[in-house]
Structures are given as C-alpha cells and as structure tokens.
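Each chain, written out:
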Amino acid sequence: MTGKAVHFGIAVGPVVVIKPWEAQVKRYRIYNTASEMVRLEQGLYKVKNQLKKLYEKALEEVGQEGAAIFNAHLMLLEDAGFLDSIHTIIQAEKVNAEYAVATTGTHYADMFAGMDDDYMQERGIDVMDVSGRVIRALQGQEELSVTEMEPSIIVAEDLTPGEVMQMDKKKILALVTVRGSANSHTAILAAMMNIPAIVGAELSLGDLQPGKLGIVDGYEGSFVIDATEVELSVAREKIRAQEEEQALLQCMKGKETVTKDGRRIGLLANIGGVQDIAYALENDAEGIGLFRSEFLYLQKDRLPTEEEQLHVYKKALQKMEGKLVTIRTLDIGADKQVDYLELGKEDNPALGFRAIRICLTRKDIFKTQLRALFRAGMHGELAVLYPMITSLSEVLQIKEIAEEVAKELASEGLSYQVPKQGIMIETPAAVMISDELAELVDFFSIGTNDLTQYTLALDRQNERLDAFYDAHHPAVLRMIGMVVENGHRHGIPVGICGELGSDMELTELFLKMGVDELSVSPGNILRLRASIREMSKEEEG
Ligand code: PEP
Ligand code: MG
C-alpha cells in the first residue's frame with residue numbers, strides 16, 4: 001500500500017489499529033437530567049486535568065509551539081457555543097452526556113471539514129480529539145494507553161495530535177493514517193519525534209488484522225502487511241544500516257565542522273517554526289540558517305500581530321541560547337498561498353506576486369514583521385534574510401524601510417537591535433548582479449530550490465518535469481561559484497540554504513568554491529559534519 005511519506009525512516013513490527021470512538025457511543029434516555037449535567041461536569045473536569053498534564057509534557061518534549069495545541073483543546077472545552085450545544089441536547093432530548101458530546105463534536109467537526117481551507121479542516125480533527133477524550137472520561141475508560149504494548153506500528157483512520165502526544169515514543173515504531181495531510185499537526189509531531197510516518201495510506205482499516213507484521217518505509221511512502229521473508233530481511237537490513245549510521249554519527253555531536261586542513265564551515269539548520277528547534281539542537285545545529293517565517297502566516301486565518309511574532313522570534317532566539325538564528329521575512333505566493341490576504345489568482349504564480357514583491361507593496365505587513373524582528377534582536381544573535389531579490393532597487397527600498405522602522409521604534413521608546421541583514425540569491429538576476437548587491441548587504445544565502453527553477457525555466461511543483469530536472473546542472477553550479485566569488489570580493493560570507501546544500505555529492509565542490517555555510521534539514525547535519533571532517537584542500541583538488 002502506498003501513501004504520502006511525511007517523515008523518513010524504516011520500521012518493522014506488529015500492527016496496532018486504533019479505531020475511532022464514534023462507533024462506540026450509544027444514545028440512551030435520561031430521566032434525571034440534573035444529575036446527568038453533574039456527570040458531564042465531572043467528565044469535563046477530568047479531561048481538563050489530562051490536557052493540562054499533556055500540555056506540560058509536550059512543553060518539555062517539543063516546546064511551546066507543539067504544546068500550544070493542548071491549550072487550544074482546553075479553550076474548546078470552555079467555548080460557550082460548544083458547551084451550550086451539549087447542555088441543550090442533554091436537557092431538550094433527555095439523553096446521555098456521551099451522546100450529546102458526540103453529536104456536538106461531529107457537528108462542529110463537519111462544519112470545519114466543509115471549509116475550503118486545509119488549516120480549518122485540521123481544526124475539525126481537534127474537535128474530534130477533545131470530544132473523544134470527554135466521551136472516554138464519561139465512560140470511565142482509561143486513557144488511550146499504548147504504554148503496555150510492545151513497540152508497534154500504529155495504524156488509524158486519522159490520528160489526533162493528542163493521541164500521538166500521549167503515546168510513549170519508545171513504543172511507536174511508525175505511524176500510518178488513512179487521512180491527514182502533510183500540514184497536519186500529527187505529521188509535524190511525527191517529524192519532531194523522528195518517527196517514520198505516512199499519511200493518506202490507501203487501505204481499509206476493516207481489512208487489517210492487528211498483530212500482523214508490517215513494514216513502513218517512510219522514504220518511499222509504502223506500507224506492507226504480511227510481508228514475505230525476503231521483504232522483511234531487506235527492510236531489516238535497511239534498519240540495521242540506518243541504526244549503524246545513526247550510532248556512528250552520534251560521536252559527531254560537539255565536534256567542530258572543520259576540514260582536515262583546518263577550514264571551518266558553518267553547519268546550520270533549516271526550520272519551519274520554533275517547534276523544530278528541539279530537533280535542530282538534538283542534531284547539534286550550530287545555529288539556524290533559515291527559519292521560514294511564512295509558516296507563521298500560513299497557520300493563521302489572519303495576519304499574525306507584531307506581539308505574536310515578537311513572542312515567536314524571541315522564543316527561537318532564547319531556545320538557541322546565543323547561537324545564530326536567521327529568520328527569513330515573509331516568503332508567500334507561488335505554492336504558499338495565504339487566502340486571507342486575498343491576493344487573487346495568477347496565471348504564473350511562480351513568476352508572480354510573491355515574497356519581497358508583496359512586502360514592498362504591502363508595506364504595512366512588512367513593517368509589522370520588521371518591527372517584531374528588530375525588537376526580538378535584543379534577545380540573541382539574530383540575522384534577517386530577504387527572499388526573492390532581483391534588483392538593487394529592491395534592496396535599497398528594503399534598507400529605507402528598515403531605517404524607518406528603527407526610527408519609529410526609537411521614537412516610541414521601544415528597545416530594539418537592528419540585526420545583520422542578508423539576501424537570498426535565488427534568481428538568475430540576483431546572481432548576475434551579485435557583485436553590486438554584495439556592497440549593500442551583510443551576507444548572501446543561496447536558495448538553490450528557486451535558483452534551479454528559475455535558471456532551468458522549470459516549475460519546481462510540476463512532477464511532469466521530473467525527467468528534465470537536473471539538480472546538478474552546470475548552469476546552477478557555475479552560478480553558485482560566481483556568487484561566492486562576488487560575495488567574498490566584498491568581504492561578505494556566502495551560504496547555501498536550498499536543498500542542494502545537503503547533497504553530499506556536491507559538498508566537496510561547494511567547499512572548493514569557498515562556500516562558508518550550509519543550512520540543511522536537521523537530520524542531515526551530523527552526516528555532513530562527518531563528511532566535511534574527512535575533506536581537505538589537497539583532496540578538493
Ligand atoms: C530556496 O528557494 O532554495 C529556498 C531555500 O527557499 P524555499 O524553498 O522556501 O523557496
Ligand atoms: Mg526560495
């Protein structure tokens with residue numbers, strides 16, 4: 001069976017199927033509605049306590065961002081509309097509390113599911129999660145407990161973040177769900193916990209027999225049940241190799257990323273939000289080379305306020321404890337659309353109104369982000385990175401706005417620190433004028449994902465073009481060399497933050513070109529460090 005791989009890794013183990021709670025709720029008549037209301041209150045009280053504990057556990061394990069979901073669940077249990085609906089059903093229909101909670105939960109979830117927005121659809125899952133929890137409490141059921149079981153592959157129609165969070169990580173070999181998107185909290189939690197995961201698996205839960213041996217391949221997005229001996233031994237071999245590599249790489253923690261002849265290379269992490277920092281630190285990232293701030297905007301149904309942004313950026317800096325945190329300003333448009341901005345549909349969105357073009361047009365949005373960033377600058381080693389630059393005039397405009405922001409903050413008496421400011425080199429135009437651009441900024445970061453797309457005239461979202469996609473195209477590689485040369489001529493460092501940065505076939509070439517820094521997904525850091533420590537100038541040739 002296949003699905004969408006959302007976190008890599010291989011797992012072999014018995015399958016545990018988690019059934020949804022809806023099927024288990026019975027409707028029965030209640031004569032004393034007052035005592036049923038008391039029973040409901042007791043159930044709610046119990047669940048609130050569970051959620052508070054889960055919040056604390058998540059806070060410790062995955063940080064504020066990952067824990068926030070349980071606060072949202074607590075708030076739902078205090079939502080007047082949600083509670084009113086449950087009360088009314090108990091009193092008007094004279095029915096049991098479980099049924100009233102299930103009906104209300106389903107109604108709310110259906111409402112969210114009908115919305116034309118991935119994020120809101122995911123909120124439907126939250127409602128089901130909380131409702132299921134209240135129902136289990138009312139039925140006197142113990143918390144969904146997988147602590148007693150042997151390490152297993154968890155298969156479910158859908159898994160709520162609550163369900164994932166309360167599982168004992170050591171007992172989960174992999175997660176497979178029929179529904180769910182790569183955006184879901186469940187997928188995010190799986191990545192943070194480093195558990196192989198597949199969503200959108202094409203399978204029917206009814207046909208699955210628990211206890212059977214399964215194989216999950218989180219690289220390919222495949223799930224095999226009743227595997228043959230040959231399939232099992234191939235998978236076990238892959239796991240062994242994976243574990244061996246991981247164990248060997250652990251000794252790279254705390255070591256410098258330095259070539260045999262003493263040249264230091266910065267090895268940093270790419271993250272999508274504060275929730276990824278734990279994983280970055282676990283892999284000994286020397287800093288954050290790319291924090292894609294647009295996820296903050298994508299996860300909301302309105303623009304994040306200055307205070308909300310300040311809180312997130314400050315948290316990131318504090319968690320990194322003095323190490324560099326490079327935050328890229330809003331890079332939406334193309335494949336990352338924010339509906340509430342109502343920017344309209346475009347014929348060629350990748351060549352359209354995106355990133356810095358939006359920021360320079362909607363100065364209000366840009367200034368709010370810069371204010372938050374400059375204020376956050378007080379709390380650690382911050383750098384700001386501007387995406388999709390094609391001209392000198394864009395950089396000059398940015399600098400003017402940045403100065404305006406600093407002046408405004410000063411006149412308001414707010415404390416701030418103007419951070420280092422750099423630009424993404426991800427368009428051929430920026431490459432060709434990198435000599436002049438280098439005079440205006442503090443650093444360059446090469447975005448090879450977009451640079452490849454724009455250089456090869458090849459939409460990075462279009463899988464039909466895979467056959468034409470050449471990640472090692474000499475045009476792109478020469479451009480990287482040119483940018484490094486121009487950056488260094490003006491004394492500024494040059495890093496790579498696109499996916500090519502973790503392509504180990506190119507590491508040696510990048511070092512030879514003089515690339516100063518590689519920013520990659522956290523799981524690639526130790527592997528790259530080990531490889532760089534084996535390189536030297538003579539061998540670079
Ligand atoms: C890039 O384009 O290489 C890059 C790092 O940014 P993104 O993938 O977010 O466009
Ligand atoms: Mg890009």
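See above for the structure.
Since this is a predicted model, take the numbers as computed values, not measurements.

## Looking at the overall build of the chain
Okay, step 1: Helices and strands together make up the secondary structure of the chain, namely 20 helices and 15 strands.
Okay, step 2: Taking 541 residues into account, the globule formula puts the C-alpha radius of gyration at 24 Å, and the chain, at 26 Å, falls close to it.
Okay, step 3: For the chain, the spread of C-alpha atoms along the three principal axes comes to 85 × 65 × 45 Å.
Okay, step 4: When burial is assessed residue by residue, the chain has 52% of its 541 residues classed as buried.
Okay, step 5: Taking the contacts inside the chain whose residues are at least 6 apart along the sequence as the reference set, 69% of them involve residues at least 24 apart.
Okay, step 6: Looking at the chain as shown, the accessible area adds up to about 24300 Å², and 51% of this sits on carbon and sulfur atoms.
Okay, step 7: A gap of 4 Å separates the mean positions of the 57 positive and 85 negative side-chain charges of the chain.

## Topic: the packing of helix 10 (residues 306–319) against helix 12 (residues 363–376)
Okay, step 1: Put simply, helix 10 and helix 12 touch, their axes get as near as 8 Å, and they point 35° apart. Helix 10 and helix 12 meet at a crossing whose hand is right-handed. On the side of helix 10, the interface is formed by Glu 306, Glu 307, Gln 309, Leu 310, Tyr 313, Lys 314 and Leu 317, while helix 12 contributes Thr 368, Gln 369, Arg 371, Ala 372, Leu 373, Arg 375 and Ala 376.
Okay, step 2: A breakdown of the residues in the contact of helix 10 with helix 12 according to their chemical character gives 6 nonpolar, 3 polar and 5 charged.

## Some words on the coordination of the magnesium ion (ligand 2)
For a metal with four tetrahedral donors the ideal donor-metal-donor angle is 109.5 degrees, while six octahedral donors give ideal angles of 90 or 180 degrees.
Okay, step 1: Donor atoms from the polypeptide that bind the magnesium ion (ligand 2) are Glu 426 (OE) and Asp 450 (OD), placed at 2.1 Å. In this pair, Glu 426 sits in the loop between strand 12 (420–425) and helix 14 (428–432) while Asp 450 sits in helix 16 (residues 448–455), placing the two residues 24 residues apart along the sequence.

## A short note on the nonpolar core
Okay, step 1: Core analysis: the biggest nonpolar cluster contains 76 residues, and Phe 444 and Ile 480 have the highest contact counts within it.
Okay, step 2: The residues contacting Ile 480, other than those within four sequence positions of it, are Ile 446, Thr 448, Ile 496, Leu 500, Phe 510, Met 513 and Val 515.
Okay, step 3: Leu 40, Leu 54, Leu 74 and Ala 137 belong to the second largest nonpolar core, which has 35 residues in total.

## Details of the packing of aromatic side chains
Okay, step 1: What the rule picks out here adds up to 4 aromatic pairs.
Okay, step 2: Each ring, one from Phe 366 and one from Tyr 386, has its centre 6.0 Å from the other, and the planes form 75°; the classification is edge-to-face. You can see Phe 366 sitting in helix 12 and its partner Tyr 386 sitting in strand 11 (residues 381–386), a full 20 residues away along the chain.
Okay, step 3: Tyr 386 sits in the buried class, given a relative accessible area of 3%.
Okay, step 4: Sitting above the plane of the Tyr 99 ring, Arg 27 keeps its charged end 5.0 Å from the centroid.

## A short note on the pattern of salt bridges
Okay, step 1: Per the stated rule, a full pass over the model turns up 29 salt bridges.
Okay, step 2: Lys 367 is paired through a salt bridge with Glu 408; the nearest N and O atoms lie 2.9 Å apart. In this pair, Lys 367 sits in helix 12 while Glu 408 sits in helix 13 (residues 392–411), placing the two residues 41 residues apart along the sequence.
Okay, step 3: Its relative accessible area of 16% is what places Lys 367 among the buried residues.
Okay, step 4: Look at Glu 408 and you get partly exposed, because its relative accessible area is 27%.

## Focus on the sheet that holds strand 4 (residues 172–177)
Okay, step 1: Read across the open sheet, the 7 strands follow the order 1-5-4-3-2-6-7; overall the sheet is mixed. Of all the strands in the sheet, the pair left with one neighbour each is strand 1 (4–7) and strand 7 (222–225). Neighbour to neighbour, the strand axes of the sheet diverge by 30° on average, direction disregarded.
Okay, step 2: Note that strand 6 (residues 213–217) and strand 7 share 4 bridges and pair antiparallel. In the strand pairing of strand 7, Gly 214 is matched with Ile 225.
Okay, step 3: Each of strand 2 (10–18), strand 6 and strand 7 touches helix 7 (residues 229–250); the most contacted strand, strand 2, lies at about 115° to it.

## Digging into the packing of helix 16 against helix 17 (residues 474–489)
Okay, step 1: Here helix 16 crosses helix 17 at 125°, and the two axes come no closer than 10 Å. Considering their axes alone, helix 16 and helix 17 lie oblique with respect to each other. In the crossing of helix 16 with helix 17, the sense of the turn from one axis to the other is right-handed. Between helix 16 and helix 17, the contacting residues are Thr 448, Leu 451, Thr 452 and Thr 455 on the first element and Ala 475, Val 476, Met 479 and Ile 480 on the second.
Okay, step 2: Taken together, the residues of the contact of helix 16 with helix 17 break down into 5 nonpolar, 3 polar and no charged.

## Let's talk about empty space enclosed by the protein
Okay, step 1: In this structure the tally under the stated criterion is 3 cavities of 30 Å³ or more.
Okay, step 2: Each pocket or cavity is described by its volume, and for the largest cavity that value is around 50 Å³.
Okay, step 3: Lining the largest cavity are Glu 65, Gly 272, Gly 273, Val 274, Gln 275, Phe 291, Phe 295, Leu 296, Gln 299 and Val 312.

Rules used in this analysis
- Residues numbered from 1 in each chain as written.
- Chains lettered and ligands numbered in written order.
- Predicted model: local features only at pLDDT ≥ 70, side-chain atom pairs only at ≥ 80, totals over all residues.
- Heavy atoms only, no water.
- Helix = DSSP H or I, 4+ residues; strand = E, 2+ residues; numbered from the N terminus.
- Rg over C-alpha atoms; globule rule 2.2 N^0.38 Å.
- Buried < 20%, exposed > 50% of the residue type's maximum accessible area, 1.4 Å probe, protein only.
- Contact = heavy atoms within 4.5 Å.
- Areas by Shrake-Rupley, 256 points an atom, 1.4 Å probe, with all protein chains shown as cover.
- Lys, Arg positive; Asp, Glu negative; His and termini not counted.
- Charge placed at Lys NZ, Arg CZ, Asp CG, Glu CD.
- Axes fitted to C-alpha atoms, helices over the stretch in contact; angles between N-to-C directions.
- Left-handed = near helix turned anticlockwise from the far one by under 90°.
- Nonpolar A, V, L, I, M, F, W, Y, C, P; charged D, E, K, R; others polar.
- Donors = N, O, S within 2.8 Å, 3.2 Å for Na, K, Ca; no water.
- Core = buried A, V, L, I, M, F, W, Y, C linked by side-chain atoms within 4.5 Å.
- Phe/Tyr/Trp six-rings, centres within 6.5 Å; stacked < 30°, edge-to-face > 60°.
- Lys NZ or Arg CZ within 6 Å of the ring centre and 35° of its normal.
- Salt bridge = Lys/Arg side-chain N within 4 Å of Asp/Glu carboxyl O.
- Pairing = 2+ DSSP bridges.
- Parallel < 35°, antiparallel > 145°, perpendicular 65-115°, else oblique.
- 1 Å grid on protein atoms, 1.4 Å probe; cavity = no way out; pocket = protein on both sides within 12 Å on 5 of 7 lines; lining within 4 Å.
- Points joined across faces, edges and corners; volume = space filled by probe spheres on them.

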